[in-house]
Amino acid sequence: MKSNKGVREISDFARGVILSSLAGITTVVGAVPLLLFHKHFGEKLIDALLGMAAGIMLAASAFSLTGPALEIGGGMRFSFGFILGAVLVDLFDKFSPHEHFLKGHEGAELRRLGKIWLFVIAITIHNFPEGMAVGISGYTPEAIDVAIAIGAQNIPEGAATMVALMNAGYSVRTSLLVTLLTGIVEIIGGIFGAGLILISKKLLPYVLAFAAGAMVFVVSDEVIPETHLRGNERLSTYFLIFGFLIMSVLDVLLE
């Protein structure tokens, strides 16, 4: 009996890692078309794509993470994990040095660290919780839903990242490499999240809630403000609604 349980846990861990890897790779799917057509894309496209990604993330947090966390652990465990996820991402965002193309520098000053690496840190703050969400979900029936949600939002997000880097003056090669790194960050997050549950299944409701809180914080503090700085608020808001709608319908269809 214990042997079967151990095999099941290893299988769930592997599922979480595989799904987070597939979701992470989709960042490049969004970036590839820009290798040919990047000169035709501008700021409105970036804001629209990021808005859609934000909507998908919010829906995934609500339906595929928050719901299971409440069912498994109840309100108290969910509340603790949800708040902890938001607070820890906030602290990391506040004290780690990173760069936004529009908001500029945040966190500690590190002059020796190149701007491109500051941008990579910003992406890490954003994408690590997403990878965790997919890795953790490997232990739940919502695994495919979460992977599709994160993978779907990675396509416009990867395209937006690629456009932003090239518009900032980076070469196509460097922009594609950094976009690929954003996917690798999610894979690492997936391994970390799935590994936590492999250590103790009791952590599942807490970590599901943690991932939900972290993702909601990132959407509100990072993604939405970035889309509202260039006069494209209404466009990005409609794309957020569109992204939320797509993920909501997919969540029903995949049940």
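Given the structure is predicted, the values throughout are model-derived calculations rather than measurements. Per chain, residues are indexed from 1 in the order of the written sequence. In keeping with the predicted nature of the model, local features appear solely for residues at pLDDT of at least 70, side-chain atom pairs appear and are counted solely at 80 or more, and the whole-chain, interface and lining totals rest on all residues. By convention in this description, side-chain values take in all heavy atoms of the structure and omit both hydrogens and water.

S.K.: Account for the packing of helix H3 (residues 43-95) against helix H5 (residues 143-167), naming residues and giving values.
M.R.: Note on geometry: axes are C-alpha line fits, over the in-contact stretch for helices, and angles between N-to-C directions span 0 to 180 degrees. Each helix corresponds to a stretch of at least 4 residues labelled H or I by DSSP, and each strand to a stretch of at least 2 residues labelled E; elements are numbered beginning at the N terminus. Their axes nearest at 9 Å, the elements H3 and H5 cross at an angle of 155°. For the element pair H3 / H5, the angle class is roughly antiparallel. Of the two possible hands of crossing, H3 and H5 adopt the one that is left-handed. Between H3, through Ile46, Leu49, Leu50, Met52, Ala53, Ile56, Met57, Ala60, Ser64 and Leu65, and H5, the contact on the second element is made entirely by Asp145, Val146, Ala149, Ala152, Gln153, Pro156, Glu157, Ala159, Ala160, Val163, Ala164 and Asn167. In the scheme used here, Gly and all other residues not listed as nonpolar or charged are polar, with Ala, Val, Leu, Ile, Met, Phe, Trp, Tyr, Cys and Pro taken as nonpolar and Asp, Glu, Lys and Arg as charged. Looking at the contact of H3 with H5 residue by residue, the classes come out as 17 nonpolar, 3 polar and 2 charged. Here roughly perpendicular refers to angles of 65 to 115 degrees, roughly parallel to angles under 35, roughly antiparallel to angles over 145, and oblique to all remaining angles. Helix crossings are classified by the rotation of the near helix relative to the far one: an anticlockwise turn of less than a right angle makes the crossing left-handed, while a clockwise turn makes it right-handed. Contact between two residues is taken to exist if any of their heavy atoms lie within 4.5 Å; hydrogens are not considered.

S.K.: Got a sec to walk through the nonpolar core? Specific residues and values, please.
M.R.: As used in this record, nonpolar core signifies buried Ala, Val, Leu, Ile, Met, Phe, Trp, Tyr and Cys residues forming a set joined through side-chain atoms within 4.5 Å. The buried label applies to any residue whose accessible area, calculated with a 1.4 Å probe on protein chains only, is under 20% of its type's maximum; exposed applies above 50%, and partly exposed to all values in between. Judged by nonpolar contacts, the single largest core of 43 residues is most densely connected at Leu65, Val134 and Ile136. Broken down by secondary-structure element, the contributors of at least two residues to this core are helix H1 (2-31), H3, helix H4 (115-137), H5, helix H6 (172-199) and helix H7 (204-227). At 13 residues, the largest contribution of residues to this core is made by H7. Of all hydrophobic cores here, the second largest spans 6 residues; its members include Ala59, Ala60, Ala149 and Met247.

S.K.: Explain the packing of aromatic side chains residue by residue, including any values.
M.R.: In this scheme Phe, Tyr and Trp rings, the latter by its six-membered ring, pair at centre separations within 6.5 Å, and the angle between planes marks the pair as stacked below 30 degrees, edge-to-face above 60, and tilted otherwise. Within this structure, the stated rule accounts for 5 aromatic pairs. For the pair Phe78 and Phe82, a centre-to-centre distance of 5.2 Å together with 35° between the ring planes defines the contact as tilted. Linking Phe78 with Phe82, this pair stays in helix H3, spanning 4 residues, or about one helical turn. Residue Phe78 is classed as buried on the basis of its relative accessible area of 12%.

S.K.: How would you explain the side chain of Glu186 if you had to name every residue and give the values?
M.R.: Examined against the element boundaries, Glu186 turns out to sit in helix H6. In this tally, Lys and Arg are treated as positive and Asp and Glu as negative; His is ignored, and so are the chain termini. Here a salt bridge means any side-chain nitrogen of Lys or Arg lying within 4 Å of a carboxyl oxygen belonging to Asp or Glu. In this structure Glu186 is buried but unpaired, with Arg15 as the nearest side chain of opposite charge at 16 Å. A 3.5 Å cut-off defines polar contacts: any pair of N or O atoms within that distance qualifies, except that in protein one atom must be a possible hydrogen donor and the other a possible acceptor, and neighbouring residues in sequence count only when both atoms are side-chain atoms. Within the structure, Glu186 has its side chain in polar contact with the side chain of Asn154 (distance 2.8 Å).

S.K.: So what's going on with H5? Which residues, and what values?
M.R.: By this rule the span expected of a helix is its residue count minus one, scaled by 1.5 Å. For H5, spanning 25 residues, the distance from its first C-alpha to its last is 36 Å, which sits close to the expected 36 Å at 1.5 Å a residue. In this analysis the local bend is the angle between axes fitted, respectively, to the seven residues ending at and the seven residues starting at the residue. Approximately 30° is the largest bend angle found in H5, and it occurs at Ile155, with the proline Pro156 only one to four residues beyond. Across the 25 residues that make up H5, a large majority, 20, are buried. At the exit of H5 stands Gly169, carrying a positive phi of roughly 105°.

S.K.: Explain the side chain of Ser61 to me, using residue names and the numbers behind them.
M.R.: When you line up the elements, Ser61 lands in helix H3. You can call Ser61 buried: its relative accessible area is 2%. Side-chain polar atoms of Ser61 contact the backbone oxygen of Met57, separated by 2.9 Å. When sequence neighbours within four positions are dropped, the list of residues in contact with Ser61 reads Thr66, Ala212, Met215 and Val216.

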